[in-house]
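The primary structure of each chain is shown beneath.
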Amino acid sequence: MKKNTIETLRWHNDHLEMIDQRILPTDFQYLAYHSAEGVAEGIRSMVVRGAPAIGCAAAYGVALAALNLKEANTESFLAGMEKAFTVLSQSRPTAVNLFWALKRMHQTMTAAAKSSPSQLAAILLTEAHRITREDIVINQTMGHYGATLLPDGARVLTHCNAGALATAGYGTALGVIRAAVESGKTISVIADETRPFLQGARLTAWEMVQENIPITLIADNMSGHLMHCGDIDAIIVGTDRVASNGDVANKIGTYMVAVLAKRHNIPFYVACPLSTIDRSIDTGNEIPIEERPSEEVTGYQNYRWAAQGVKVRNPAFDVTPADLVTALITEKGIVKHPNKERISMLF
Ligand code: MRU
């Protein structure tokens, strides 16, 4: 398999570095993080985004907190660590990978409770590295399974960015496309621009251009027309949280695409690592949907196009009911027509 070329986040000496995804593709820059609070702010402000990448960043946030407290006594260490877990858990609400990674880090800390703060710091940093390395392998495995679903010559629509930038590397939905291309298939990608944060136009398009995978950018309101014209063969998206019954939360606009796909008899696939399945909730109705600042809708960066005083809604995610999902692609294989029973078999 090809080396991971985009390093969304990386450990450098004693700190974390993350690509600033807010300024791509015009500028490419890493920002340095030295504390859990800093990482939480990086997640909140979308320097890093995408469910698995958020989980990896949070794991490093915990490791940074531990490193900063390694000279403290055990009591102060544990009190400081609980604060770090809290601040990180409050950074964004929808992607369950954040809570999954924090839980794993917490369990690692608890399992080594007899160690000194400085030993715990080393153990937690090792665990953050492990979560990050595992993520890439999981994505490559999903890619391997998912690639079998795409026929040679397929024109594949994707929404948002579920690529290397949304993970530790390789990507979930774009990982499937990468794997299909690596297996020798000719694949072309159609990217929804993904208003209002433009993850499709700015990030997915950039990733595909980097790798010479043919990509066509469309505005979000064009996909129905392309489906009607017979220009789309399959749809693949990532996800931020899947409920026990297979309902899928993903970037706002995904639900619209899934309804259109059903209408046009186009397969709708969701690339979903097991860390994104939330077995503590029964249906998608229980998934918290983040509402983001109105400025993301009334303009872009420093430019405002909407009338002053207008009311705005900005839900960042929506829920696609399981019956619109043709299959989940996981690292344990493909789950066709996901439902509670089929999902529980994965665990
Ligand atoms: O708001 P974002 O950019 O964090 O939303 C990202 C998405 O919705 C992705 O599709 C999802 O996290 C899957 S990433 C592999």
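These numbers come from a predicted model, not from an experiment.

A. Spatial organisation of the packing of helix α1 (residues 36-44) against helix α2 (residues 51-68). Axis separation between α1 and α2 bottoms out at 8 Å; the angle between their running directions is 165°. With respect to their mutual orientation, α1 and α2 come out roughly antiparallel. Here the hand of the crossing between α1 and α2 comes out left-handed. Across the interface between the two elements, Ala36, Val39 and Ile43 of α1 pack against Ile54, Ala57, Ala58, Gly61, Leu64 and Ala65 of α2. The residue makeup of the contact of α1 with α2, split by class, is eight nonpolar, one polar and no charged.

B. Region of the structure containing the sheet that holds strand β8 (residues 241-243). What the four strands build is an open sheet, ordered β11-β8-β9-β14; its pairing is mixed. The two strands at the open ends of the sheet, each matched to only one other strand, are β11 (277-278) and β14 (317-320). Here β8 pairs with β11 via two bridges, running parallel. The partner of Ala243 across the bridge, within β11, is Asp278.

C. Quick peek at the packing of aromatic side chains. This structure, assessed with the given rule, holds four aromatic pairs. Seen from their ring centres, Trp11 and Tyr60 are 5.5 Å apart, and the 15° between their planes marks the pair as stacked. Here Trp11 is found in strand β1 (residues 9-12), whereas its partner Tyr60 is found in helix α2, with 49 residues between them in sequence. By the burial criterion, Trp11 is buried, and Tyr60 matches it. The ring centre of Tyr30 lies 3.6 Å from the NZ or CZ of Arg10, which sits over that ring.

D. Looking closely at the sheet that holds strand β5 (residues 188-192). Reading across the sheet, the seven strands line up as β6-β5-β4-β7-β10-β15-β16 and stay open at both edges, with mixed pairing between neighbours. Each edge of the open sheet is held by one strand with a lone partner, namely β6 (215-218) and β16 (333-336). When the angles between neighbouring strand axes are averaged without regard to direction, this sheet yields 25°. Pairing of strand β15 (residues 327-330) with β16 involves four bridges; the strand directions are antiparallel.

E. Here's a closer look at the pairing of β6. Relative to β6, β5 runs parallel, the two sharing four bridges. Its bridge partner being in β6, Asp192 is matched across the sheet by Ile218. Regarding the hand of the β-α-β motif, the stretch spanning β5, helix α7 (residues 199-210) and β6 is right-handed.

F. Molecular detail of the nonpolar core. Core analysis: the largest hydrophobic core is formed by 43 residues, its most contacted members being Leu16, Met18, Val39, Ile43, Val62, Met81 and Met105. When residues of this core are traced back to their parent elements, those giving at least two are β1, β2 (15-19), α1, α2, α3 (74-89), α4 (96-111) and α5 (117-147). By residue number, the principal contributor to this core is α2, which donates 13 residues. Residues in contact with Met105, not counting those within four places in the same chain, are Ala59, Val62, Ala63, Phe85, Leu124, Glu127, Ala128 and Ile131.

Cut-off values and rules
- Residues numbered from 1 in each chain as written.
- Predicted model: local features only at pLDDT ≥ 70, side-chain atom pairs only at ≥ 80, totals over all residues.
- Heavy atoms only, no water.
- Axes fitted to C-alpha atoms, helices over the stretch in contact; angles between N-to-C directions.
- Helix = DSSP H or I, 4+ residues; strand = E, 2+ residues; numbered from the N terminus.
- Parallel < 35°, antiparallel > 145°, perpendicular 65-115°, else oblique.
- Left-handed = near helix turned anticlockwise from the far one by under 90°.
- Contact = heavy atoms within 4.5 Å.
- Nonpolar A, V, L, I, M, F, W, Y, C, P; charged D, E, K, R; others polar.
- Pairing = 2+ DSSP bridges.
- Phe/Tyr/Trp six-rings, centres within 6.5 Å; stacked < 30°, edge-to-face > 60°.
- Buried < 20%, exposed > 50% of the residue type's maximum accessible area, 1.4 Å probe, protein only.
- Lys NZ or Arg CZ within 6 Å of the ring centre and 35° of its normal.
- Right-handed = clockwise from strand over helix to strand, strands pointing away.
- Core = buried A, V, L, I, M, F, W, Y, C linked by side-chain atoms within 4.5 Å.

All we've got here are geometric facts, nothing functional implied.
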